[in-house]
Amino acid sequence: MNLEKVIFGFFIVLAATLNFGFFIGDIERPELHNVYELAAALIVSLIATALKFGDRTQIGAIHLSTSLVADLQLIAAAITWGVAVHVTGVGMTPHVTSSVVSLSGGALFANIVSVVILIVETVMLRR
Amino acid sequence: MVNSAFFLVLRRMRAPIIVLTVIYGIAVIGLTLVPGVDAEGRPAPPLSFFHAFYFISYTATTIGFGEIPTAFSDAQRLWVTICIYLTVVGWSYSVLTLIALLQDRGFQKTLTVNRFVRRVRRLKEPFYLVCGCGETGNLICHTLDRLGHAFVVVEKDDLRVQELDLQDFKTDTPALAADARKPDNLLLAGLKHAKCRAVLAVTNDEEANLAIAIAVRLLNPCIPVIARARTPSVAANMASFGTDHIINPFARFAEHLALAVAAPERFRLIELLTALPQTPMPEPHRPPAGRWILCGYGRFGHLLASHLRPAGIELTIIEPESADSGSLPTIRGYGTEAETLLQAGIAEASGIIAGSNDDVNNLSIAVTANELKPSLFVVARQNHSVNTPLFAAYGADFTMVPGRIVAQECIAILTTPLLAAFLDLLRERDEAWSACLVGRLEAQGRGRTPAVWSIKLNIAESQAIYRLLMQHRVISLGEILRDGTDRGTPLRATTLLVRRDKQLILLPPDDFRLLPGDELLLASSLAARRNLELTLHNPNELDYVLTGRETSGSWLWNRGAARAKAAGLGSSD
């Protein structure tokens with residue numbers, strides 16, 4: 001067992017699960033989507049991205065790109081939330097909530113791809 | 001390869017970025033949990049994510065705007081105190097890692113190699129790959145630069161590469177500090193580049209030259225490789241896998257010296273034509289026949305003996321160690337003392353060769369011999385170019401500099417392949433013919449050696465004359481050898497040879513009729529070369545040189561001129 005692989009897998013799966021946790025629930029209802037969960041998903045996703053730095057293989061490159069997509073989507077979701085609550089003062093209306101959640105849904109898809117690649121990589125491994 | 005620096009940065013920055021993300025996460029989430037206080041001192045809800053992130057961002061980067069949006073509660077201040085220390089540690093760690101990375105030798109090496117590879121890849125013109133930039137390599141580089149050829153340098157010594165950057169070359173010169181024995185480095189230097197014309201293996205190390213030669217033969221068999229070899233075994237090894245030119249400076253010098261004794265005028269002509277272009281004219285050497293003393297009977301001595309004896313020179317050898325000198329009379333010693341020289345019969349000798357591998361000894365031999373017999377012809381071997389001032393001050397009758405011999409031969413082979421054909425034809429000519437040509441070149445050169453160059457009358461190299469010749473215009477050689485600025489003066493150039501298909505015409509006369517596809521070998525100054533190249537390439541210049549008309553080449557003007565001419569003709573009818 002390799003500690004590096006454990007940490008790597010842990011962060012990738014955690015990013016996906018946190019993201020899923022935030023995403024699940026009626027898309028219009030703000031009380032079902034906790035902002036802390038969004039923050040945690042963003043932080044874990046950033047850490048997962050950093051972990052993927054510097055791998056020059058083909059699979060490493062795809063890992064990094066999916067992670068960057070997830071980051072981008074989550075940052076967009078966070079900015080949407082921040083603008084709605086603090087800048088325009090509209091608050092978490094069903095419209096804003098649904099756009100934040102759907103952005104995180106996109107990130108979830110990228111995270112799922114990441115997990116799939118992780119599984120494929122593991123299956124391909126012969127040791 | 002090009003991305004490797006980027007990946008190196010990413011890999012090294014992985015830990016600092018993770019640490020920073022975690023610290024930011026803890027600080028921001030903590031701040032959104034600690035309750036605040038409002039203006040009247042009543043408990044207020046904690047900061048939202050947006051404000052918490054804003055606050056941590058400016059606090060962590062030590063900008064510090066104060067407590068925004070409202071004054072903090074004591075609980076918040078307690079948490080912020082912890083956050084400040086955490087984030088400062090995180091940032092310092094990241095910045096220090098980045099700075100350490102930038103100063104890392106390995107990283108800087110990666111950056112230099114990347115820059116070198118980019119510059120080689122961008123080379124648009126044909127270039128030569130010079131491996132080894134010692135005394136010989138440096139001389140070759142400078143000559144190539146003066147002739148306007150591009151080149152790439154691979155040199156093991158870091159310092160020499162840095163020196164190369166300081167010398168201002170006209171052409172863009174990528175130089176890499178790397179071991180040329182490794183094929184990877186040769187590939188980086190453009191061995192497989194479409195514009196790589198030839199490889200020169202001129203390092204000081206025999207084995208390295210051998211390794212380069214074989215790497216070029218296997219990796220890019222289409223381009224010629226020129227290698228320097230000192231020992232016969234290495235030369236034979238190089239020849240065995242088809243190295244195009246093997247240059248042994250000792251053998252070449254021995255040949256030259258023997259030729260100078262046997263046929264001084266022909267030797268003088270060869271010396272002028274193969275000298276580095278536009279350097280001061282060498283003194284004529286007239287070594288006498290008779291009995292010579294040879295000091296030092298190593299590899300160089302052996303080669304000299306084997307070449308000089310057929311030329312009719314009797315040799316006496318002075319050698320400190322017992323050597324197998326065959327039938328030659330041998331005296332033990334260095335030759336630096338008068339006693340040894342007298343013993344070797346300096347009184348009856350007509351020449352002496354100071355040929356040991358020690359420059360100081362060679363000078364000492366030469367000076368002592370000259371004092372004993374001032375009329376003696378002295379040949380001195382100079383091993384290192386740093387001693388040039390000493391050898392110049394002494395002024396031997398003939399000085400042998402191995403680096404210079406290799407450089408001359410490389411330049412002659414690379415820049416004018418036709419010269420070899422000319423030198424072959426020379427063997428059949430007598431001394432008077434050579435003396436006549438030498439006189440012409442000396443008068444033309446005004447104290448400088450000529451540049452020997454060739455030009456082909458085809459569309460690529462000389463399109464103006466090619467188009468005229470294709471229209472069956474009769475143009476003789478004498479008509480184009482005119483100064484382009486004033487056609488009244490002839491150009492100071494000598495046509496040595498014309499190659500027409502397989503036929504070689506030696507020293508064509510002025511009324512020689514040119515045909516398309518002819519290849520001309522000329523000896524002239526570099527200025528005359530540029531002059532003639534422009535004449536042959538530019539239709540307006542050529543028109544002026546042939547007819548004396550000044551035309552602008554503009555289509556409208558030419559049409560106007562043609563109409564005026566037609567009208568003039570019409571009225572005269």
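Everything below is about the structure shown above.
To keep things clear, this report deals only with the structure shown in the data block. (Residues numbered from 1 in each chain as written. Chains lettered and ligands numbered in written order. Predicted model: local features only at pLDDT ≥ 70, side-chain atom pairs only at ≥ 80, totals over all residues.)

## Here we look at the overall build of chain B
Threshold: Secondary structure elements follow DSSP: runs of H or I no shorter than four residues count as helices, runs of E no shorter than two count as strands, and numbering proceeds from the N terminus. Using C-beta atoms placed from the backbone, we call a residue buried if 20 or more other C-beta atoms fall within 10 Å of its own, exposed if 12 or fewer do, and partly exposed for counts in between. We call two residues in contact when the distance between their C-beta atoms, placed using the backbone, is within 7 Å.
Broken down by element type, chain B carries 24 helices and 18 strands. Counting the 573 residues in chain B, one finds 37% classified as buried. For chain B, the proportion of contacts with a sequence separation of at least 24, taken over those separated by at least 6, is 66%.

## Here's the deal with helix H22 (residues 526–537) of chain B
Residue and element names in this part refer to chain B. Defined as follows: The span you would expect from a helix comes to 1.5 Å times its residue count less one. The directions from the helix axis to the C-beta atoms are what the arc is built from.
In this model H22 runs 16 Å from its N-terminal to its C-terminal C-alpha over twelve residues, within 8% of the 16 Å that 1.5 Å per residue would give. Buried within H22 we find Ala-528, Arg-529, Asn-531, Leu-532, Thr-535 and Leu-536. End-on view of H22: buried residues confined to an arc of 165 degrees, all on one side of the axis. Residues of H22 that are buried sit in contact with strand S15 (451–456), helix H20 (463–470), helix H21 (477–480), strand S16 (493–500), strand S18 (519–524) and helix H23 (539–547).

## As for the packing of helix H9 (residues 206–219) of chain B against helix H10 (residues 232–240) of chain B
All names here are of chain B. Selection rule: Axis definition: a line fitted to C-alpha atoms, limited for helices to the stretch in contact. Angles are taken between N-to-C directions and run from 0 to 180 degrees. Here roughly perpendicular refers to angles of 65 to 115 degrees, roughly parallel to angles under 35, roughly antiparallel to angles over 145, and oblique to all remaining angles. Under this grouping Gly is polar, as are all residues other than the nonpolar Ala, Val, Leu, Ile, Met, Phe, Trp, Tyr, Cys and Pro and the charged Asp, Glu, Lys and Arg.
At a minimum axis distance of 10 Å, the contact between H9 and H10 shows a crossing angle of 5 degrees. The orientation of H9 relative to H10 falls into the category roughly parallel. Contacts from Glu-206, Leu-210 and Ala-213 of H9 reach H10 at Val-234, Asn-237 and Met-238. The residue inventory of the contact of H9 with H10, partitioned by class, reads four nonpolar, one polar and one charged.

## Topic: the sheet that holds strand S3 (residues 127–131) of chain B
Residues and elements named next belong to chain B. To keep things clear, this is the line we draw: In this description, strands pair whenever DSSP reports at least two bridges between them.
Here we have six strands laid out as an open sheet, ordered S5-S4-S3-S6-S7-S8, and parallel in their pairing. The open sheet has two edge strands with one neighbour each: strand S5 (175–177) and strand S8 (245–247). Across the sheet, the mean angle from the axis of one strand to that of its neighbour is 15 degrees, orientation sign disregarded. Pairing geometry for strand S6 (residues 196–201) and strand S7 (residues 225–228), over three bridges, is parallel. From the neighbouring strand, Val-199 faces S7, where its bridge partner is Val-225.

## Some details on the interface of chain B and chain A
Counting residues at the interface gives 14 residues for chain B and 13 residues for chain A. If you list the elements that add at least two residues to the side of chain B that touches chain A, you get helix H1 (4–12), helix H2 (14–31) and helix H3 (49–60) of chain B. Among the residues making up the side of chain B that touches chain A, the classes are represented as nine nonpolar, three polar and two charged.

## Remarks on the packing of helix H6 (residues 135–146) of chain B against helix H17 (residues 402–415) of chain B
All names here are of chain B. Basically, it comes down to this: Working rule for handedness: look at the near helix, and if it is turned counterclockwise from the far one by less than a right angle, call the crossing left-handed; if clockwise, right-handed.
The N-to-C vectors of H6 and H17 enclose an angle of 40 degrees; their axes lie 8 Å apart at closest approach. Along this stretch, H6 crosses H17, giving a crossing that reads as right-handed. Contacts between H6 and H17 pair Glu-135, Thr-136, Leu-139, Ile-140 and Thr-143 from the former with Gly-403, Arg-404, Val-406, Ala-407, Cys-410 and Ile-411 from the latter. When grouped by side-chain class, the residues that make up the contact of H6 with H17 number six nonpolar, three polar and two charged.

## Thoughts on the sheet that holds strand S11 (residues 330–332) of chain B
Residue and element names in this part refer to chain B. Read across the open sheet, the six strands follow the order S11-S10-S9-S12-S13-S14; overall the sheet is parallel. Strands at the two margins of the open sheet, each flanked by one partner only, are S11 and strand S14 (398–400). Taking the axes of each pair of neighbouring strands and ignoring which way they run, one obtains an average angle of 15 degrees across the sheet. With three bridges joining them, strand S13 (residues 377–381) and S14 adopt parallel strand pairing. Note that in S14 the partner of Val-379 across the bridge is Phe-398. In this fold helix H15 (residues 359–372) packs onto strand S9 (290–295), strand S12 (351–354) and S13, with an angle of close to 170 degrees to the strand it touches most, S13.

## Observations concerning the pairing of S9 of chain B
Residues and elements named next belong to chain B. The test is simple: For the handedness criterion, the strands are oriented away from the viewer, and a crossover whose path from the first strand over the helix to the second runs clockwise is classed as right-handed.
Strand direction decides the pairing type here: S9 and strand S10 (residues 313–319), joined by six bridges, are parallel. Within S10, the position partnered with Arg-291 by the bridge is Glu-314. In this region the chain leaves S9, passes through helix H13 (residues 299–308) and returns to the parallel neighbour S10; the handedness of that crossover is right-handed. Here S9 pairs with S12 via four bridges, running parallel. If you follow Ile-293 over to S12, its bridge partner there is Ile-352.

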